[in-house]
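Read off the chains here:
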Amino acid sequence: NHDGNLTCRIGPDRVLATPTALSKADVTDGDLVVVDGAGEKVSGKRRSFSEMALHLAVYRARRDVGAIVHAHPPYATAMAVAGRGMDEPILAEAVVSLGPRIPLVPFAMPKTPGWVEGVAAHAVEFDAVLLENHGAMAWGTDLEQAFLRLELVEHLAQITHHSMAFGGPQTLDAAQLGPLLASRTKAGLGPVARGVAPARSAVNAPPAAGVKPSAAGTIDRARLVAIITDELTKL
């Protein structure tokens, strides 16, 4: 349908975007629009979408981001409308690719400062978020990476959902997370690789509002930081 949107950074103060009110399957190069850093259209026949401020906030927060994908994949969106973030690491590969958690950005009406600021704050440390009562967003150096990250978010949401039939997912513990996060940093991924201090990294970020991690998923953060620091000295 018309849901979701994609953008690419194409130059200083210029973003290429899919238009509003047009199925992505029907979009051609002639339908794309270009906006400036304030969200004002500078070229294109069609109108830009109403959530452009969210995309621009991510670009301002992360100079390494070249593209953003926002969509409403059903399993990830189901978690978002239930008010649940993915706050417990369950797959090793996903930890390396996306970090130990995918946070939930609290709901706010489109174009309101609270929503934009919430996405911007999370963008500093994360590569994907769930938007409460709305959907999911992911970003990367290019469209392919952004899309693959969003696809992984949906994959994790499906696995989480299906695991409930067998008692729910078993979470990785701190000792298991340390080497995985070290590998993430070594691959040039995550906040530590970008120079964000470990104290502000995803490992130490608080759970999403209203979400209480289970006892099995509780992480000893001080211990985890010590493990990560030790692993980083070996790189």
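Residues numbered from 1 in each chain as written. Predicted model: local features only at pLDDT ≥ 70, side-chain atom pairs only at ≥ 80, totals over all residues. Heavy atoms only, no water.

A. Representation of the pattern of salt bridges within the structure. This model, assessed by the stated rule, comprises eight salt bridges. Across the salt bridge formed by aspartate 31 and arginine 46, the nearest N and O atoms sit 2.9 Å from each other. Of this pair, aspartate 31 sits in the loop between strand E2 (14-17) and strand E3 (33-35) while arginine 46 sits in the loop between strand E4 (41-43) and helix H1 (52-61), placing them 15 residues apart in sequence. With a relative accessible area of 13%, aspartate 31 lands in the buried category. Put simply, arginine 194 and aspartate 127 hold a salt bridge, and the shortest N to O gap is 3.9 Å. Highlighted residues: arginine 194 in the loop between helix H7 (190-193) and helix H8 (221-232) and aspartate 127 in the loop between helix H4 (113-123) and strand E7 (128-131), separated in sequence by 67 residues. (Salt bridge = Lys/Arg side-chain N within 4 Å of Asp/Glu carboxyl O. Helix = DSSP H or I, 4+ residues; strand = E, 2+ residues; numbered from the N terminus. Buried < 20%, exposed > 50% of the residue type's maximum accessible area, 1.4 Å probe, protein only.)

B. How the structure looks around the packing of H1 against H4. Between H1 and H4, the least distance of the axes is 8 Å, while the angle of their chain directions is 35°. For the pair H1 and H4, the crossing hand works out as right-handed. Side by side, H1 and H4 meet where Ala53, Leu54, Ala57, Val58 and Ala61 of the first sit next to Trp115, Val116, Val119, Ala120 and Ala123 of the second. Grouping the constituent residues of the contact of H1 with H4 by class yields 10 nonpolar, no polar and no charged. (Axes fitted to C-alpha atoms, helices over the stretch in contact; angles between N-to-C directions. Left-handed = near helix turned anticlockwise from the far one by under 90°. Contact = heavy atoms within 4.5 Å. Nonpolar A, V, L, I, M, F, W, Y, C, P; charged D, E, K, R; others polar.)

C. Spotlight on the nonpolar core. The biggest cluster of nonpolar side chains holds 24 residues, and the ones touching the most others in it are Leu54, Val58, Ile68, Leu131, Met137 and Trp139. When contributions to this core are tallied by element, the ones reaching two or more residues are E2, E3, H1, H4, E7 and strand E8 (135-140). A per-element tally of this core places H1 first, with six residues. Those residues in contact with valine 58 that sit more than four places away from it in its chain are Val65, Ile68, Val119, Ala123, Met137 and Trp139. In this structure, Met79, Met86, Ala94 and Ile102 belong to the second largest nonpolar core, which totals 20 residues. (Core = buried A, V, L, I, M, F, W, Y, C linked by side-chain atoms within 4.5 Å.)

D. Broad picture of the side chain of arginine 149. Here arginine 149 is to be found in helix H5 (residues 143-163). Within polar-contact distance, the side chain of arginine 149 engages the backbone oxygen of tryptophan 139 at 2.8 Å. Discounting chain neighbours no more than four positions away, the residues touching arginine 149 are Ser97, Leu98, Asp127, Ala138, Trp139, Gly140 and Leu189. (Polar contact = N/O pair within 3.5 Å; in protein donor to acceptor, adjacent residues only side chain to side chain.)

E. Quick look at unusual backbone geometry. Non-glycine residue aspartate 13 carries a positive phi angle of around 60°. Within the secondary structure layout, aspartate 13 lies in the loop between strand E1 (5-11) and E2. Given the relative accessible area of 48%, aspartate 13 is considered partly exposed.

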